[in-house]
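# An overview of the molecular structure
Here's the letter readout for the chains.
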Amino acid sequence: AVGSALMKTNARDQSLAPVIIGEMRRIGRAYPHPMGSYGGGFAAWLQSPTPEPYNSWGNGSAMRVSPVIWAYDSLEEVLRAAKVSSEVTHNHPDGIKGAQAIASAGFLARTGYAKSEIKNYISSQFGYDLDRTLDEIRPVYGFEVSCPGSVPEAIIAFLESGDFESAIRGAISIGGDSDTIAAMTGALAEAAYGVPYIIRREAFSRLPLILKGIVEEFESKYQGHA
């Protein structure tokens, strides 16, 4: 939905928010029962006649921000668009910060920055503790849906990875809200490594036809894929 909105607006910030709202409601209502289900706040927002942000600090804002990584040519634009994409629902400062952290880390990875540089930027800009390891996190980690409690862990899984698959495996290995954590880690890993053909093919085969069309159009427009 975020990717579709970026294409419909040519990624112009000033018209982005209402289009993101429209696309999320259009696609969310078309698929009302996804695996794992929507969060309660977002499910109510989808059906509300007057959709307003609900001050969420949940990790949904960071989970859905990945298209922003590819649609802009500067870090400043990425940070602005990540904020816009978050605050249509997740307008709590922690929800916005989580989306901006994933988007900016992904943009830095896409544009060739080293992991050490990405780590230092995210730590200093957002105050996240990235000095832990996955081995330290696993024994004590539980189910956590807040941005402060899951975005740093997702970034650490990327920082420890050597390729796309190891990033996803590391993200899942800590447990908790695994699908969302892996989505955030995967956004960074795609930006750094690309997605191996065999993994992309398998994942793509599971998408409904409408969503396949959005993915293909977005890849063609912003990622240079045929």
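These figures come from a predicted structure and were not determined experimentally. (Residues numbered from 1 in each chain as written. Predicted model: local features only at pLDDT ≥ 70, side-chain atom pairs only at ≥ 80, totals over all residues. Heavy atoms only, no water.)

## Points about the nonpolar core
A general feature of soluble globular proteins is that nonpolar side chains tend to end up buried together. Our working definition: Nonpolar core, defined: a set of buried Ala, Val, Leu, Ile, Met, Phe, Trp, Tyr and Cys residues in which side-chain atoms within 4.5 Å join the residues together. Here the term buried applies to any residue with accessible area under 20% of the maximum for its type, exposed to any over 50%, and partly exposed to those in between, with areas from a 1.4 Å probe on protein chains only. Going along the chain from the N terminus, every DSSP run of H or I of four or more residues is numbered as a helix, and every run of E of two or more is numbered as a strand. Should any heavy atoms of two residues lie within 4.5 Å, those residues are counted as being in contact.
Ranked by internal contacts, the top residues of the largest apolar core, which has 62 residues, are Leu 6, Val 68, Tyr 72, Ile 102, Ile 122, Val 151 and Ile 155. With eight residues, the top contributor of residues to this core is helix H7 (residues 93-110). Filtering out sequence-adjacent residues up to four positions away, Ile 155 remains in contact with Ala 101, Ile 102, Ile 122, Tyr 128, Leu 130 and Leu 188.

## What to know about the packing of aromatic side chains
This is how the line gets drawn: A pair of aromatic rings is counted whenever rings of Phe, Tyr or Trp (Trp by its six-membered ring) have centres within 6.5 Å, and the orientation is called stacked for planes under 30 degrees apart, edge-to-face for over 60 and tilted otherwise.
Inspection of the entire model under this criterion finds six aromatic pairs. When the centroid spacing of 5.4 Å and the interplanar angle of 25 degrees are considered together, the rings of Phe 42 and Trp 45 count as stacked. Note that Phe 42 and Trp 45 are positioned in helix H3 (residues 40-47) at a spacing of three residues, about one turn of the helix. Looking at Phe 42, the relative accessible area reads 14%, which means it is buried. For Trp 45, a relative accessible area of 2% gives the class buried.

## Considering the pattern of salt bridges
Selection rule: Within this document, salt bridges are pairs made up of a side-chain nitrogen of Lys or Arg and a carboxyl oxygen of Asp or Glu, the two lying within 4 Å of each other.
Counted under the stated rule, the structure contains nine salt bridges. Lys 83 is the partner of Glu 87 in a salt bridge, and the nearest nitrogen-oxygen pair spans 2.9 Å. Here Lys 83 and Glu 87 lie together in helix H6 (residues 75-87), a separation of four residues that amounts to about one turn. Ionic contacts of the salt-bridge type, sharing partners, join the residues Asp 129, Arg 132 and Glu 153 into one network.

## Remarks on a nonpolar patch on the surface
Short version of the rule: Each patch groups residues whose relative accessible area exceeds 30% and which form no salt bridge, using 9 Å between like charges and 5 Å between nonpolar side chains of Val, Leu, Ile, Met, Phe, Trp and Tyr. A 1.4 Å probe and the Shrake-Rupley method give the accessible areas. Residues count as covered only by the protein chains that appear here.
Judged by side-chain polarity, Trp 57, Phe 143 and Val 145 come together as a nonpolar surface patch covering roughly 320 Å² of accessible area. Looking at the secondary structure, you find Trp 57 in the loop between H3 and helix H4 (60-63).

## Side note on helix H12 (residues 178-193)
Here is the rule: A helix is expected to span 1.5 Å for every residue after the first.
For H12, with 16 residues, the first-to-last C-alpha span of 21 Å sits near the 22 Å given by 1.5 Å per residue. All buried positions along H12 are accounted for by Thr 180, Ile 181, Ala 182, Met 184, Thr 185, Gly 186, Ala 187, Leu 188, Ala 189 and Ala 191. Buried positions along H12 lie against H4, helix H5 (66-71), H7, helix H10 (151-159) and helix H11 (164-173). Just downstream of H12 lies Gly 194, where phi reads positive at about 80 degrees.

## Topic: the side chain of Ser 150
Just so we agree on the cut-off: Here a polar contact is recorded for every N or O atom pair within 3.5 Å, except that within protein the pair must consist of a potential hydrogen donor and a potential acceptor, and residues adjacent in sequence are included only if both atoms are side-chain atoms.
In this fold, Ser 150 is placed in the loop between helix H9 (134-137) and H10. Engagement of the side chain of Ser 150 in a polar contact is seen with the backbone oxygen of Ser 146, the distance being 2.7 Å.

## What about the side chain of Glu 23?
Take Glu 23: it is sitting in helix H2 (residues 16-30). Within the structure, the side chain of Glu 23 is placed 2.6 Å from the side chain of Ser 4, a separation counted as a polar contact. Beyond its immediate stretch of four places on either side in the chain, Glu 23 contacts Ala 1, Ser 4, Ala 5, Lys 8 and Gly 28.

Limitation: the analysis is restricted to geometry and does not speak to function.
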